[in-house]
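Given next are the chains, with one letter for each unit.
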Amino acid sequence: MQAVTDNVFRALADPTRRAIFEHLSRDGEQTVHALTDRAGVSQPAVSKHLGVLKRARLVRCRHAGRETHYSAHPQALAPLVDWMSVYGAFWRDRFDQLENLLKRMDP
Amino acid sequence: MTDTATTRTLVIEREMPHPPEKIWRALIEGPLIAEWLMTNDFRPVVGHRFSFRATPVGNWNGVIESEVLVVEPHARLVYSWGALGLESAVTWTLTPTEGGTHVRMEQSGFPSEEGANYKGAKYGWQKFMGNMERVVGGLD
């Protein structure tokens, strides 16, 4: 599970990959060619990014003729999207700030 | 939110060496809230709609839409917390102790993995990513 989570984090740490993933999430299935037109990087680079996303299970692909079609698989975010841990860190930080404020306030 | 099969609850508790009256002020006075949480137009009046405002990031405008639900001076404060298409409620409970106050924060209404928010909400995912960056960035 940890390895899967690490892959998801790593995959989304890159802004180009994030853009590709968001693009697929928003607009649905796309070919590598279509993605390349949008990504602003070369097709081999896009293919490499898609490989990383695929290993993290964030995208799926299917072959049709000579084209490979990619689609987003946002459910793969589930191990990462742990609202408890994200918001837990947020609130613990805010609790610290609250205590700092209380120290500075008049009794 | 009452559907426990599709929501989760986050609880953070801490003992603070200050009286409940003082902590209450930090929870309900706008300028004080801004010092430890976020800028806001909060007023301790049930039914008051207000916003918390963070720095906008990515696809997220940084606004948390809220409504005051419960105000029990020095004891309990509840407001809704709407962000990123997800609705939750934040409940503050202050309990006097010998050395100060037991402060409890409960945020409930998070979607679980089985929840609808995990399945549909493509728009929500995008906004979530921006929020996650902000939260993680704020941990430094």
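Keep in mind that what you see is a predicted model, and the values were worked out from it rather than measured.

1. As for the pairing of strand β5 (residues 76-83) of chain B
All names here are of chain B.
Then, in step 1: Across five bridges, the pairing between strand β4 (residues 63-72) and β5 is antiparallel. Considered in β5, the bridge of V70 is made with V78.
Then, in step 2: Between β4 and the antiparallel strand that follows it, β5, lie three residues; H74 among them carries a positive phi value of about 65°.

2. A word on the pairing of β4 of chain B
Then, in step 1: Of the strand pairs in this sheet, strand β3 (residues 49-53) of chain B and β4 of chain B are connected by five bridges, and their pairing is antiparallel. Looking across to β4 of chain B, one finds that R53 of chain B is bridged to V63 of chain B.

3. Describing the nonpolar core
Then, in step 1: Core analysis: the biggest nonpolar cluster contains 17 residues, and V8, F21, L53, L58 and V59 of chain A have the highest contact counts within it.
Then, in step 2: L102 of chain A together with M16, I23 and V103 of chain B belong to the second-largest nonpolar core, a separate cluster that totals 13 residues.

4. Some remarks on helix α1 (residues 20-28) of chain B
Then, in step 1: Taken residue by residue, α1 of chain B has P20, I23, W24, A26 and L27 of chain B as its buried positions. Taken end-on, α1 of chain B shows its buried residues confined to a sector of 160°, consistent with a single buried face.

5. Overview of the environment of H102 of chain B
Residues and elements named next belong to chain B.
Then, in step 1: Residue position: H102 is located in strand β7 (residues 101-111).
Then, in step 2: The spacing of H102 and R14 is 88 residues in sequence and 5.9 Å in space, taken between C-alpha atoms.
Then, in step 3: Excluding residues that lie within four positions of it along the chain, H102 makes contacts with E13, E15, T95 and T97.

6. Structural notes on the sheet that holds strand β3 (residues 67-72) of chain A
Residue and element names in this part refer to chain A.
Then, in step 1: With antiparallel pairing, the three strands of this open sheet are ordered in space as β1-β3-β2. At either end of the open sheet lies a strand with only one pairing partner, and these are β1 (30-31) and β2 (59-64).
Then, in step 2: Relative to β3, β1 is paired through two bridges, and the arrangement is antiparallel. The partner of Q30 across the bridge, within β3, is Y70.

Conventions we followed
- Residues numbered from 1 in each chain as written.
- Chains lettered and ligands numbered in written order.
- Predicted model: local features only at pLDDT ≥ 70, side-chain atom pairs only at ≥ 80, totals over all residues.
- Pairing = 2+ DSSP bridges.
- Helix = DSSP H or I, 4+ residues; strand = E, 2+ residues; numbered from the N terminus.
- Core = buried A, V, L, I, M, F, W, Y, C linked by C-beta atoms within 7 Å.
- Buried ≥ 20, exposed ≤ 12 C-beta atoms within 10 Å, placed from the backbone.
- Arc of directions from axis to C-beta.
- Contact = placed C-beta atoms within 7 Å.

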